[in-house]
Amino acid sequence: MLNRELSIVLESPRRVRPRYFDIPTVGSEGMLLKVEAVSICGSDAERYVGVKFGGRLSSPLPIIMGHEVVGTVDQIGVEASKHYGVKRGDRVVVEPYILCGRCRYCLTGYYQLCMNVRCYGINISCEEPPHLWGAYGQYMYVAPNSRVHKISNSVPKEEACLASTIGNAFRWVCTKGDVKPGETVAVLGPGPQGLATVMVAHHAGAGKIILAGTSIDRRRLRLGVEYGADHIVNVDEKDLLEAVSDFTSGEMVDKVICTTGSVKAISDAIRLLKPLGVCVIPGLTGGRAVPMLTDEIVTKELRIIGGLGQPWNVEAAIKLLESRKYPVGKMATHNLSLDEADKGLRLAAQEVEGEDPIKVVLTP
Ligand SMILES: [Zn+2]
Ligand SMILES: [Zn+2]
């Protein structure tokens, strides 16, 4: 068994199986990661229950999922070592993307939009050699043109694997939202993305942060306060517009970030903004149309911006994690072993009664 490793394979919706694979020998530009921890992305849970994603997010089954990962460099080729600036034994975070490095999006820094993008744990089947294309396993293969970052041993593993989640938040708050010190920010949806967004908005010096969720989000809303939310709103109990108006003495907010896929929340978002405000939308509705009062966009000269992925944002996330400024680990409510992946996915899909997970982390 020495040259074999164990990964968890999604064969069809709701069917995950352990499977042994040969441990590959990597070439000069390749790398092999020994997985230390992988967190379950909301999209993993959706794939597990059978949601079909389109385009670059569609998954060819069977697949080894997992794209939020921290591990140590187990094997690395000479060129890869030079390129990434890491050596055997280093602890690293690997971004989900494998770049083509040639298309206009790669060349202009928007590699999450790469025309030929391949993503670990998302759109490469484990039938394709060397098979280990996802992090739900003891090892993951890291192809040439990946994005690899060193991370300090001082960051606990269940926080380190959240580097891409926090990288996303840097994208919504800083790169896209351009949140300035003192500005008022509303975050709609207190899932892991929303909580990370609150944290980064606080870190960026936002003046007032409002976090909104529903009755099922009580635990998340409370954690949001620890990450810097000044006000929380349960929209099942209070009208969001009214609440935001009260908290801001009628001025409303400079920036609103919709991490939720709720049609109603996204539809309401622009009404929360003051003139010249910005609405950043990373939340996916699953193809549902969102009705919007476009007159508000015109008469307040609003800007509405999409947000996808974390190109050039993981660096800042790692720096924040290494500072140990926020209790990031409190998001990781469930730590399971890799062979409990099935349970972990059901937890992440909010299907396990009596449990209220925020983030589920798997450890091989
Ligand atoms: Zn993800
Ligand atoms: Zn490209």
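Note: the structure precedes this text.
Report follows, based on the coordinates. (Residues numbered from 1 in each chain as written. Chains lettered and ligands numbered in written order. Predicted model: local features only at pLDDT ≥ 70, side-chain atom pairs only at ≥ 80, totals over all residues. Heavy atoms only, no water.)

### Topic: a nonpolar patch on the surface
- Taken together, the side chains of Tyr-105, Tyr-110, Leu-113, Met-115 and Leu-308 present a nonpolar region at the surface, about 450 Å² in accessible area.
- Looking at the element boundaries, Leu-113 is found in the loop between helix 3 (104-107) and strand 6 (118-119). (Patch = residues over 30% accessible without salt bridge, like charges linked within 9 Å, V, L, I, M, F, W, Y side chains within 5 Å. Areas by Shrake-Rupley, 256 points an atom, 1.4 Å probe, with all protein chains shown as cover. Salt bridge = Lys/Arg side-chain N within 4 Å of Asp/Glu carboxyl O. Helix = DSSP H or I, 4+ residues; strand = E, 2+ residues; numbered from the N terminus.)

### Considerations on the coordination of the zinc ion (ligand 2)
- Around the zinc ion (ligand 2), the protein contributes the donor atoms Cys-100 (SG), Cys-103 (SG), Cys-106 (SG) and Cys-114 (SG), which lie 2.3 to 2.4 Å from the metal centre.
- Mapping the donors of the zinc ion (ligand 2) onto the primary sequence gives the spacing C-x2-C-x2-C-x7-C. Placement of Cys-100 in the loop between strand 5 (91-98) and helix 3 and of Cys-114 in the loop between helix 3 and strand 6 is noted, with a sequence separation of 14 residues between them.
- The class for Cys-100 is buried, based on a relative accessible area of 18%. (Donors = N, O, S within 2.8 Å, 3.2 Å for Na, K, Ca; no water. Buried < 20%, exposed > 50% of the residue type's maximum accessible area, 1.4 Å probe, protein only.)

### Brief notes about the coordination of the zinc ion (ligand 1)
- At the metal site, the zinc ion (ligand 1) is ligated by Cys-41 (SG) and His-67 (NE2), and these contacts range over 2.1 to 2.3 Å. With Cys-41 in the loop between strand 3 (31-39) and helix 1 (42-49) and His-67 in the loop between helix 1 and strand 4 (69-76), the pair connects residues that are 26 residues apart, well separated along the chain.
- Taking relative accessible area as the criterion, Cys-41 reaches 17% and is therefore assigned buried.

### Digging into unusual backbone geometry
- The residue after Leu-61, namely Pro-62, is reached through a cis peptide bond having omega -5°.
- Locating Pro-62 in the fold gives a position in the loop between helix 1 and strand 4.
- Omega for the bond connecting Pro-129 with Pro-130 falls within 30 degrees of zero, at 0°, which places this linkage in the cis form.
- Structurally, Pro-130 is set in the loop between strand 6 and strand 7 (139-142).
- Positive phi is not limited to glycine here, since Trp-312 has a value of about 60°.
- Along the chain, the position of Trp-312 falls in the loop between strand 14 (303-306) and helix 11 (314-323).
- Using a relative accessible area of 51% as the deciding quantity, one classes Trp-312 as exposed.

### What to know about the packing of aromatic side chains
- Tallying each qualifying case throughout the model produces four aromatic pairs.
- One aromatic cluster is present, formed by Tyr-97, Tyr-111 and Trp-312 through successive ring pairs.
- Arg-47 extends its terminal NZ or CZ atom over the ring of Phe-53, reaching a point 4.6 Å from the ring centre. (Phe/Tyr/Trp six-rings, centres within 6.5 Å; stacked < 30°, edge-to-face > 60°. Lys NZ or Arg CZ within 6 Å of the ring centre and 35° of its normal.)

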